[in-house]
Amino acid sequence: MHGSRRSSAGLGPALVSAFAFGGSGVAAKPLIEAGLGPLHVVWLRVAGAALIMLPVAWRHRGLVRERPALLAGFGLFAVAGVQAFYFAALSRIPVGVALLVEYLAPALVLGWVRFVQRRPVTRASAVGVVLAAGGLACVVEVWAGLSFDAVGLLLALGAACCQVGYFVLSDQGSGDAGDGGAGRPGPPDPVGVIAYGLLVGAVVLTVVARPWGMEWSVLGGRATMNGHGVPAWLLLGWIVLLATVLAYVTGVVSVRLLSPQVAGVVACLEAVIATVLAWVLLGEHLSAPQLAGGAVVLMGAFIAQSSAPKPPAGPVASGPGAPDTPEEGLPAGSGGGRARPSSSL
């Protein structure tokens, strides 16, 4: 397909993916406030999506033998870890703030590259890190003595750290990704990785969340969304079908069609969409300094991702806006704990 046509065709799915991911927290928070624990909501989301993706997992069952570490890392960090921390943060701080804190992940990845792996980073990347940190200071209103719940902020930061952990895990051994020739396995199918990541995440979360102790009656009642009663099962369907299955699948399609730079810009819209939806549907109003800080966070995150240097062995700092590489890697966006597959998979 011609380059311009590919970009045009990929923009629609990218917007759908950003909108779907951005709405996950908005749909989850009323369920949490209705009586479901954050971990139980995460388990319902992941287990429901894993059940729907089970046929896909069976189709790509060879991945279990070819990429066991990648599947385990994706399920543990990009699915279970990010979403558990993110949803736990939602129970204490606004949706938009939790998501913006999670956007510190690109900056943290660059910190790992520079200070742990002792590899150089570009000046533009450093500027992006400074902008993201400064914007976050405005979002949490540090001049007011951290008016937001400190535990909630730490939980959101935990979600960002899980994304970093997944990046680092993906870099280990990524250089052995073959091209499918000479007896070496080719890059894994991203939809298959997503399916198995959800399965692994569901197993991990079953042990952690213990769903047998869940208040199942909540799902048969109504949850309050900005003063209006909404059927809890409808919100759950939103989370599973739209914010997980549709979001991941359209994300795969869009990243394969768009350039990394364009994909990075669209991924940044996810936080904007989440903030707007939380404002309209949940009544969570952010002040003017917080909105300005959020814009700076997004700008810094995009610069940090798009300016990351190409690593010699694998995409340590790869993200939706990072340079395209032939090695295996599943760069994460945010959206309440998702990792968007790169076009190289």
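Being a predicted model, the structure only gives us computed values, none of them experimental.

Here we take up the overall build of the protein chain. What the protein chain contains, in helices and strands, is 14 helices and 2 strands. Among the 345 residues that make up the protein chain, the fraction classed as buried is 54%. If you take every contact in the protein chain between residues at least 6 apart in sequence, the share linking residues at least 24 apart comes to 81%. For the protein chain, the computed accessible surface area is about 13,800 Å², with 68% contributed by carbon and sulfur atoms.

Let us look at the nonpolar core. Within the largest apolar cluster, 82 residues are counted, with the highest numbers of intra-cluster contacts made by Leu36, Val41, Tyr86, Leu90 and Leu198. Per-element accounting of this core gives the leading share, 13 residues, to helix H6 (residues 68–90).

Predicted confidence across the protein chain gives a mean pLDDT of 76, with 72% of residues reaching 70 or more. Contacts of residues 339–345 to residues separated by more than four positions or lying in other chains number 42 contacts, the stretch itself having pLDDT below 50.

The next subject is the environment of Val200. Here Val200 shows up in helix H11 (residues 190–209). You can call Val200 partly exposed: its relative accessible area is 26%. Taking the C-alpha atoms as reference points, Val200 and Gly75, 125 residues apart in sequence, are found 4.8 Å from one another. The residues touching Val200, leaving out its near neighbours within four places in the chain, are Leu71, Ala72, Gly75 and Leu76.

Another point: H11. Helix length check: H11, at 20 residues, gives a terminal C-alpha distance of 27 Å against a target of 28 Å (1.5 Å per residue), a fit within 8%. Inspection of H11 places Pro190, Gly192, Val193, Ile194, Ala195, Tyr196, Gly197, Leu198, Gly201, Ala202, Leu205 and Ala209 among the buried residues, and these make up the whole buried set. Within two residues after H11, Arg210 carries a phi angle of roughly 50 degrees, on the positive side.

Before going further, it helps to examine unusual backbone geometry. For Arg210, which is not glycine, the phi dihedral falls at a positive 50 degrees. Within the fold, Arg210 resides in the loop between H11 and strand E1 (222–225). Positive phi is not limited to glycine here, since Asn226 has a value of about 55 degrees. Inspection of the secondary structure puts Asn226 in the loop between E1 and strand E2 (228–231). Judged by its relative accessible area of 40%, Asn226 falls in the partly exposed class.

Turning our attention to the pattern of salt bridges. Evaluated as defined, the whole model comprises 3 salt bridges. In this structure, the salt-bridge partner of Glu66 is Arg65, at a minimum N-O distance of 3.8 Å. For Arg65, a relative accessible area of 65% corresponds to the exposed category. Of the charged contacts, one joins Asp149 and Arg92 as a salt bridge, the two residues approaching to 3.1 Å between their closest N and O atoms. Separated by 57 residues along the polypeptide, Asp149 in the loop between helix H9 (123–139) and helix H10 (150–171) and Arg92 in the loop between H6 and helix H7 (95–102) bring together distant segments of the chain. Residue Asp149 is classed as partly exposed on the basis of its relative accessible area of 27%. Judged by relative accessible area, which is 42%, Arg92 ranks as partly exposed.

Let us now look at the packing of aromatic side chains. One pair of aromatic rings is described through two measures. These are the centre distance and the angle between the planes. Taken as a whole, this structure holds 3 aromatic pairs when the rule is applied. Considering the side-chain rings of Phe21 and Tyr248, the 5.2 Å spacing of their centres and the 90 degrees angle between planes classify their relative orientation as edge-to-face. Taken together, the residues span a long stretch of sequence, with Phe21 in helix H1 (residues 3–22) and Tyr248 in helix H12 (residues 232–257) at a distance of 227 residues. Residue Phe21 shares its accessibility class with Tyr248, and that shared class is buried.

Procedures and definitions
Residues numbered from 1 in each chain as written. Predicted model: local features only at pLDDT ≥ 70, side-chain atom pairs only at ≥ 80, totals over all residues. Heavy atoms only, no water. Helix = DSSP H or I, 4+ residues; strand = E, 2+ residues; numbered from the N terminus. Buried < 20%, exposed > 50% of the residue type's maximum accessible area, 1.4 Å probe, protein only. Contact = heavy atoms within 4.5 Å. Areas by Shrake-Rupley, 256 points an atom, 1.4 Å probe, with all protein chains shown as cover. Core = buried A, V, L, I, M, F, W, Y, C linked by side-chain atoms within 4.5 Å. pLDDT = per-residue confidence, 0-100. Expected span 1.5 Å × (residues − 1). Salt bridge = Lys/Arg side-chain N within 4 Å of Asp/Glu carboxyl O. Phe/Tyr/Trp six-rings, centres within 6.5 Å; stacked < 30°, edge-to-face > 60°.

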